[in-house]
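Next come the chains, spelled out residue by residue.
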Amino acid sequence: MKILIAGADGYLGWSLAQALTIRGHEVAGVDNGFRRQWVEEMGSWSAIPVAGIKERLQAFQERYGRELKYWQGDLRSYPFVEEIVREFRPDAVVHLGECPSAPYSAIDVEHAVFVQTNNLTSTFHLLFAMKEHVPDAHLVKLGTMGEYGTPNLDIPEGFFEVEFRGRKDRLPFPRQAGSWYHWSKVHGSNNVMFACKLWELAATDIMQGVVFGTHLEAMGSDGRLATRLDFDQAFGTIVNRFCCQAVIGHPLTLYGSGHQQRGFLPLEDSMQCLTLAVENPPRKGEYRVLNQFQNVYRLDEWANKVASVAEGLGLPVEIRHVENPRRELEEHHYRPDHAELLRLGYQPSQDVDRVLAGMIARLKPWAERIRAKEAVLLPDIRWDGQRSRVAYR
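All of the points below concern the structure found in this document.

Reading guide: rules and limits
- Residues numbered from 1 in each chain as written.
- Predicted model: local features only at pLDDT ≥ 70, side-chain atom pairs only at ≥ 80, totals over all residues.
- Heavy atoms only, no water.
- Helix = DSSP H or I, 4+ residues; strand = E, 2+ residues; numbered from the N terminus.
- Rg over C-alpha atoms; globule rule 2.2 N^0.38 Å.
- Areas by Shrake-Rupley, 256 points an atom, 1.4 Å probe, with all protein chains shown as cover.
- Lys, Arg positive; Asp, Glu negative; His and termini not counted.
- Charge placed at Lys NZ, Arg CZ, Asp CG, Glu CD.
- Pairing = 2+ DSSP bridges.
- Axes fitted to C-alpha atoms, helices over the stretch in contact; angles between N-to-C directions.
- Contact = heavy atoms within 4.5 Å.
- 1 Å grid on protein atoms, 1.4 Å probe; cavity = no way out; pocket = protein on both sides within 12 Å on 5 of 7 lines; lining within 4 Å.
- Points joined across faces, edges and corners; volume = space filled by probe spheres on them.
- Nonpolar A, V, L, I, M, F, W, Y, C, P; charged D, E, K, R; others polar.
- Buried < 20%, exposed > 50% of the residue type's maximum accessible area, 1.4 Å probe, protein only.
- Expected span 1.5 Å × (residues − 1).
- Left-handed = near helix turned anticlockwise from the far one by under 90°.
- Core = buried A, V, L, I, M, F, W, Y, C linked by side-chain atoms within 4.5 Å.

### Section: the overall build of the protein chain
Right, on to step 1. When you go through the protein chain residue by residue, the secondary structure sums to 13 helices and 14 strands.
Right, on to step 2. Taking 21 Å as the expected radius of gyration for a compact globule of 393 residues, we find that the protein chain reaches 20 Å, a close match to that expectation.
Right, on to step 3. Taken along the three principal axes of its C-alpha coordinates, the protein chain extends 60 × 55 × 40 Å.
Right, on to step 4. Carbon and sulfur atoms form 49% of the exposed surface of the protein chain, whose accessible area is close to 16,300 Å².
Right, on to step 5. Both charge centroids of the protein chain, one from 45 positive and one from 50 negative side chains, sit 1 Å from each other.

Encoded structure:
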């Protein structure tokens, strides 16, 4: 297949370009380097150094024996997006080119508006370009389990059957997003769903849980092929952040009680699931939702897991609770379905401790690099728009 990855320079995008190439697909990428800029704005950098895009592309060609066709530019420009789609004519488009941060969207009005407009505009442009030039192609859009929120109901995969006043229908499951970022993802999902109905496009909306991991086996030891690993408050997801904290002896910081529940999956599993989605498209006109995670965990369970693995590697770890800067339920029901990816062939990694041990081992050589940005580990972005550093409880 010919597969275009929007957001190919990011954590998931760079990994997926390699995973799909290994399977024999012809992959192209587009990015404008926003993720690098956003992390720098947060006063941080990737814990594992990330090569420049020219170096990355050179290493890609050396390792995989083929070019990764690449465009540098902004998806908010429709002529630019249209040119790429018309030239490359992909069979599938994987849209990872949105801003993936709830805290970033909570900073102030400029950041909230940017996240909304960037995420919605980029999705619209890809939809219209596909309609115009490759109407039979398949869009795989990265959503988030955060679109659902934490309802006091089990969470289906996108749709559920409801009976009201004696009548039944199959309807989209209500979204209860908890940040401006998550609402941008909801709005994007609705637009994709409507495009499938209006233009008979085929689309898969991936409601992904929290991904953790530093490395794909396919990357080998060439540092130019490594993906990024962020640990700041806006782009450092919790397990990745915990591992960075463990490496430098910083307390593992839990927001509030730590009883919040989320779905999680290793980076290798994310690649497996995204590949399954790409290689098994829905029928024309279908909007398909896949909940993508391995297992549901409480956040304090992850703190204990990371602490146990780190201590086994000779790294003593302290777990501390801090004020929760977010507006979220800390005690809640959480039981989402995820049967469809299993039906498509997803085989979950079972040894999470092995993944964590590998992550910590890969991060240890970069301890001083992480320590140089240690200040970013305690958040100061609050959901109510204020900026003040959280305190230990």
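### Observations regarding the sheet that holds strand β13 (residues 295–298)
Right, on to step 1. Read across the sheet, 3 strands follow the order β9-β11-β13 without closing on themselves; strand pairing throughout is mixed. Each edge of the sheet is formed by a strand with only one pairing partner; in this case those strands are β9 (210–212) and β13. Averaged over all pairs of adjacent strands, the angle between strand axes in this sheet comes to 45°, irrespective of strand direction.
Right, on to step 2. Looking at chain direction, β9 and strand β11 (residues 261–266) are connected through 3 bridges and run parallel. Opposite Val211, over in β11, you have Leu265 as the bridge partner.
Right, on to step 3. Against the sheet, helix α8 (residues 238–248) contacts β9 and β11, and its axis sits at roughly 35° relative to β9.

### As for the sheet that holds strand β8 (residues 202–208)
Right, on to step 1. With parallel pairing, 7 strands are arranged side by side in an open sheet as β3-β2-β1-β4-β5-β8-β12. Sheet topology places β3 (69–72) and β12 (287–292) at the edges, where each strand pairs with a single neighbour. On average, each strand axis in the sheet is inclined to that of its neighbour by 15°, with strand direction left out of account.
Right, on to step 2. Alignment of strand β4 (residues 92–95) against strand β5 (residues 138–142), held across 4 bridges, turns out to be parallel. Within the sheet, the bridge partner assigned to His95 lies in β5 and is Lys141.
Right, on to step 3. Sitting on the sheet, helix α7 (residues 180–199) is in contact with β5, β8 and β12, with an inclination near 165° to β5.

### So, the environment of Ala202
Right, on to step 1. Counting through the fold element by element, Ala202 comes out in strand β8.
Right, on to step 2. C-alpha of Ala202 to C-alpha of Arg224: the two residues are 22 residues apart in sequence and 35 Å apart in space.
Right, on to step 3. With sequence-adjacent residues up to four places away left out, Ala202 is seen in contact with Ala137, His138, Leu139, Cys196, Pro282, Arg283, Lys284, Gly285 and Glu286.

### Topic: the layout of surface pockets
Right, on to step 1. Of the voids in this model, the second largest pocket is the one considered here, and its volume is about 310 Å³.
Right, on to step 2. Lining the second largest pocket are 16 residues, and of these His215, Glu217, Glu268, Arg354 and Val355 sit closest to its centre.
Right, on to step 3. When contributions to the lining of the second largest pocket are tallied by element, the ones reaching two or more residues are α9 (267–279) and α12 (352–363).
Right, on to step 4. Looking at which element gives the most residues to the lining of the second largest pocket, the answer is α12, with 5 residues.
Right, on to step 5. Broken down by class, the residue content of the lining of the second largest pocket amounts to 5 nonpolar, 6 polar and 5 charged.

### Comments concerning unusual backbone geometry
Right, on to step 1. You will see that Arg89, though not glycine, has its phi angle at about 50°, which is positive.
Right, on to step 2. With phi around 60°, Glu200 is a residue other than glycine that occupies positive phi space.
Right, on to step 3. Tracing the sequence through the fold places Glu200 in the loop between α7 and β8.
Right, on to step 4. A relative accessible area of 47% means that Glu200 is categorised as partly exposed.

### So, helix α10 (residues 299–312)
Right, on to step 1. Taking 1.5 Å per residue, 14 residues should reach 20 Å; α10 reaches 20 Å between its end C-alpha atoms and fits that length.
Right, on to step 2. Leu299, Asp300, Trp302, Ala303, Val306, Ala307, Val309 and Ala310 are the residues of α10 that are buried.
Right, on to step 3. Downstream of α10 by one or two residues, Gly314 has phi in the positive range, about 85°.

### What to know about the environment of Gln61
Right, on to step 1. Relative to the elements of secondary structure, Gln61 occurs in helix α3 (residues 53–64).
Right, on to step 2. C-alpha of Gln61 to C-alpha of Leu229: the two residues are 168 residues apart in sequence and 23 Å apart in space.
Right, on to step 3. Those residues in contact with Gln61 that sit more than four places away from it in its chain are Arg66 and Glu67.

### A word on the packing of α8 against α10
Right, on to step 1. Orientation of α8 relative to α10, taken along the N-to-C sense of each, is 35°, at an axis distance of 10 Å. Here α8 runs over α10; the crossing is right-handed. Between α8 and α10, the residues in contact are Ile238, Val239, Phe242, Cys243 and Ala246 and Leu299, Trp302, Ala303, Val306 and Ala310, respectively.

### Concerning the nonpolar core
Right, on to step 1. Ranked by size, the top nonpolar core spans 76 residues in total, and within it Ile5, Phe212, Trp302, Leu356 and Leu363 carry the most contacts.
Right, on to step 2. Counting residues per element, this core draws most heavily on α8, at 8 residues.
Right, on to step 3. Those residues in contact with Leu356 that sit more than four places away from it in its chain are Phe212, Val239, Cys243, Trp302, Lys305, Val306 and Val309.
Right, on to step 4. Membership of the second largest hydrophobic core comes to 34 residues, among which are Ala6, Leu75, Val81 and Leu127.

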